[in-house]
Amino acid sequence: MRTAGDFSDTVRSGARIGRRNVVVYAHLLAEPLPSRVGFIVSKKVGNAVTRNLVKRRLRALSADYVKQFPQGFGIVMRALPAASTATWDELSRDLHSAFQKIEKIHTEHHSSKGEEHVR
C-alpha cells in the first residue's frame, strides 16, 4: 500500500483483529487484484531505531502469510506500543493468530459466494 486512501479504506472497511502487540485490518478487495500490505508504526512505539526494527520484523513475518492470500486482500498492520519490547516469537504468535482469523474470513467469503470449499 502506498497511498493514504488505501490505508484508510482498509482500516475503515476491514475486519479488525486485535492482539497484544499488533492490530491487523483485513479488507476483501472488490476486484481480484494482488493483495497489498501496509504497516503503521507510530512514535508511540518508540524512537526511529525501534520503529524501524518493529517494521522490519512485521514485514518479514507477514511475507509468508501473504503468500497464502496472493489476491483479493488489503491488509494493514498497526504496531502497538507493546511491540517495541516484544520478541520475535511473540510477534510471530500474534500474527499467526491474526492470520488464522483472516483465513476464516476468507473461507466464509468464498463459501458465501457458492464456491465449493474442500477441507
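Refer to the structure printed above.
Residues numbered from 1 in each chain as written. Predicted model: local features only at pLDDT ≥ 70, side-chain atom pairs only at ≥ 80, totals over all residues. Heavy atoms only, no water.

Some points on the overall build of the protein chain
1) Next: Across its full length, the protein chain holds three helices and four strands.
2) Next: Put simply, the protein chain runs from its N terminus to its C terminus through helices and strands in the order α-β-β-β-α-β-α.
3) Next: Counting over 119 residues, the protein chain shows a buried share of 34%.
4) Next: Here the analysis covers contacts within the protein chain between residues at least 6 apart in sequence; of these, 79% occur between residues at least 24 apart. (Helix = DSSP H or I, 4+ residues; strand = E, 2+ residues; numbered from the N terminus. Buried < 20%, exposed > 50% of the residue type's maximum accessible area, 1.4 Å probe, protein only. Contact = heavy atoms within 4.5 Å.)

Points about the sheet that holds strand β4 (residues 73–79)
Hydrogen bonds between backbone groups are what pair the strands of a sheet, and the pairing can be parallel or antiparallel.
1) Next: Strands sit in the order β1-β2-β4-β3 across an open sheet of four strands; the sheet is mixed. The two strands at the open ends of the sheet, each matched to only one other strand, are β1 (15–18) and β3 (36–40). Each neighbouring strand pair of the sheet contributes to a mean axis angle of 15°, computed without reference to strand direction.
2) Next: Sheet analysis places β1 next to strand β2 (residues 22–28), joined by four bridges and oriented antiparallel. Along β2, the bridge assignment pairs R16 with Y25.
3) Next: Strand contacts of helix α1 (residues 4–13): β1, β2, β3 and β4, with the helix running at about 90° to β4, the strand carrying the most contacts. (Pairing = 2+ DSSP bridges. Axes fitted to C-alpha atoms, helices over the stretch in contact; angles between N-to-C directions.)

Some points on the pattern of salt bridges
1) Next: Tallied over the full model, the rule gives two salt bridges.
2) Next: We note a salt bridge from D6 to R36, for which the minimum N-O separation is 4.0 Å. You can see D6 sitting in helix α1 and its partner R36 sitting in strand β3, a full 30 residues away along the chain.
3) Next: A residue is classified by how much of its surface remains accessible, and R36, at 28% relative accessible area, is partly exposed.
4) Next: Close ionic contact of D64 with K67 constitutes a salt bridge, the shortest N to O distance being 3.8 Å. Separated by three residues within a single helix, D64 and K67 lie in helix α2 (residues 48–68), roughly one turn from each other. Across the pair, exposure class does not vary: D64 and K67 are exposed alike. (Salt bridge = Lys/Arg side-chain N within 4 Å of Asp/Glu carboxyl O.)

What about the environment of E31?
1) Next: For E31, the position within the fold is in the loop between β2 and β3.
2) Next: With a relative accessible area of 49%, E31 lands in the partly exposed category.
3) Next: Remark: the alpha-carbon pair of E31 and G72, spanning 41 residues in sequence, is separated by 6.6 Å.

Here we look at the packing of aromatic side chains
For any two aromatic rings, the description comes down to two numbers: the centre-to-centre distance and the angle of the planes.
1) Next: Enumeration according to the criterion identifies one aromatic pair in this entry.
2) Next: With 4.8 Å between their ring centres and 10° between their planes, Y65 and F99 make a pair best called stacked. Taken together, the residues span a long stretch of sequence, with Y65 in helix α2 and F99 in helix α3 (residues 88–112) at a distance of 34 residues. An identical accessibility class is assigned to Y65 and F99; each is buried. (Phe/Tyr/Trp six-rings, centres within 6.5 Å; stacked < 30°, edge-to-face > 60°.)

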